[in-house]
Amino acid sequence: MLKTAQQLITQAAQNLGLDQFSIDALLATDAEHQFEIELDSGKKLHAYRVQHNNKLGPYKGGIRFHPDVDLDEARALATLMSLKTAAMGLPLGGGKGGVSVNPSEMTDQELEEISRKYVRGIHEHIGPDKDVPAPDVNTNGTIIDWMVDEYEKITGDTSKASFTGKTIKNGGSLGREAATGRGGVIALSELLKYDGLAAESLTFAIQGFGNVGSFFAVIAEQYPNWKLLATSDSASTVYSPSGLNANDLFDFKEGRGRFSDYKAEGAKHLSADEIIGLDVDVLVLAALGDAITEDNMRDVKAKYIVEMANGPVDKAAIDYFTERKVSILPGIIANAGGVIVSYLEWVQNKKNEHWTEEEVNQQLTEYMIEAVKNLVETSKEPGVINLPEAAFIIAIRRLTK
Ligand code: GLU
């Protein structure tokens, strides 16, 4: 993932005529914090926070709990965050953190201990005007609330603007939980309008049904001409040629069900990987990074790929899809709904205001419409070969102004 992010930056920067010195400056991270969390049980975990670039504002980006978290992944994700906030025109920079842990093997008490000890390890380097973390893979409002509480205890800061993605009762914003999925649906529908497909019937599949994929599915139900044929979790794909019911899947997942046990009329079960090769118009990638690489890119039949995870398509696959005229809606725009509403949450905290869900969703919609317009216009400039390159060009122009 790091290599893909760096190659995309380099390609877009060269297109803009930047010299090697400026490209190296864009690739470099500002700071990399690594520390160890020792649990009361004696278990030791590796923890990270990488701060990539704060030229446009405080570092901003999530904290994930996942066994694959390492320094290179945090570097890649922090880099993508700076490009994302810049591409969206937000006054924020980019950072990312995480703990290398499998949360499903931890008790709630241990998750709280990890969250609090993470903050003890990093508190000097974060803060409302320095670096504002948020949820990411396997982290949520409850985890963020523990972190905010720990941060308040250590620093005395009561603004709540030290983190975003908090629960509503603790200063979180209405609309934040669904924001990434909602933003992705808006971005896709805008892109389809530019391609003259707004009124067409479309089938789609969603890889991953966590916070991002599940809200994408539910919000996409507002488009009666889009039909969800398949979705997956890490163990299996559920597929129905006549269409799946997103709300039913959502309720099933809330009850912590595995899709291998999901039953609905006409629904079949396939392996988790098979979702990539299904015959659908749109493939939504809402699981993890590097979901499509040289190994499986030839299986893809979709004409549109929506990057709802961070870095789900590697550079070799992006080049392959460009040749085959498959459109990739790049993650630094498609999945930016989360950080947009994080920004709105941060502004509300700073002004001590509470906006309605309609107000928040309206602002999210405006950001997305503007970003996709800019994306499509930039993609038509001479020498720009695909939407990911256009997105990176938009971001780099702002980062080097
Ligand atoms: N983790 C989300 C992302 O990758 C949100 C970051 C944020 O809200 O700061 O964009």
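Everything here concerns the structure above.
Residues numbered from 1 in each chain as written. Predicted model: local features only at pLDDT ≥ 70, side-chain atom pairs only at ≥ 80, totals over all residues. Heavy atoms only, no water.

Undergrad: When you look at the overall build of the protein in this model, what are you seeing that I'm missing?
TA: Across its full length, the protein carries 13 helices and 12 strands. Across its three principal directions, the C-alpha atoms of the protein cover 55 × 55 × 40 Å. Within the protein, counting contacts between residues at least 6 apart in sequence, those at least 24 apart form 68% of the total. When the accessible surface of the protein is totalled, it reaches about 16,500 Å², and 46% of it is carbon and sulfur. For the protein, the centre of its 40 positive side-chain charges and the centre of its 58 negative side-chain charges are spaced 2 Å apart. (Helix = DSSP H or I, 4+ residues; strand = E, 2+ residues; numbered from the N terminus. Contact = heavy atoms within 4.5 Å. Areas by Shrake-Rupley, 256 points an atom, 1.4 Å probe, with all protein chains shown as cover. Lys, Arg positive; Asp, Glu negative; His and termini not counted. Charge placed at Lys NZ, Arg CZ, Asp CG, Glu CD.)

Undergrad: Any chance you could explain the sheet that holds strand β9 (residues 268–271) here in plain terms?
TA: Two modes of strand pairing occur in sheets, parallel and antiparallel, and in both the strands are linked by backbone hydrogen bonds. Spatially, β9-β8-β7-β6-β10-β11-β12 is the arrangement adopted by the seven strands of the open sheet, whose pairing is mixed. Here the strands that pair on one side only, and so sit at the sheet edges, are β9 and β12 (327–329). Mean inter-strand twist for the sheet, computed between neighbouring axes without regard to direction, equals 25°. In this sheet, strand β8 (residues 236–239) lies alongside strand β7 (residues 226–232) in antiparallel orientation, the contact comprising three bridges. Within β8, the position partnered with S232 by the bridge is T237. Most of the contacts of helix α7 (residues 211–220) go to strand β6 (residues 202–207), to which it runs at about 160°, and overall it touches β6, β7 and β10 (282–285). (Pairing = 2+ DSSP bridges. Axes fitted to C-alpha atoms, helices over the stretch in contact; angles between N-to-C directions.)

Undergrad: Hey, could you run me through the packing of aromatic side chains in this one?
TA: Aromatic rings in a pair are described by how distant their centres are and how their planes are angled relative to each other. Taken as a whole and judged by the stated rule, the model has 12 aromatic pairs. Three or more aromatic residues link up through ring pairs in this structure, and these residues are F204, F216, Y223 and W226. In this arrangement the basic side chain of K253 is found over the ring face of F259, its NZ or CZ atom lying 4.4 Å from the centre. Above the ring of Y320, the side-chain terminus of R298 is found at 5.7 Å from the ring centroid. (Phe/Tyr/Trp six-rings, centres within 6.5 Å; stacked < 30°, edge-to-face > 60°. Lys NZ or Arg CZ within 6 Å of the ring centre and 35° of its normal.)

Undergrad: When you look at the nonpolar core in this model, what are you seeing that I'm missing?
TA: A general trend in soluble globular proteins is that nonpolar side chains are found buried together. Grouped together as the largest cluster of nonpolar side chains are 103 residues, with contacts concentrated most on F204, F216, I292, I305 and F321. Among all residues touching I292, those that are not within four sequence positions of it are I276, L283, L285, M297, V300, I305, P312, V313, D314, A317 and F321. Within the second largest apolar cluster, 23 residues are counted, among which are L45, V99, W146 and Y151. (Core = buried A, V, L, I, M, F, W, Y, C linked by side-chain atoms within 4.5 Å. Buried < 20%, exposed > 50% of the residue type's maximum accessible area, 1.4 Å probe, protein only.)

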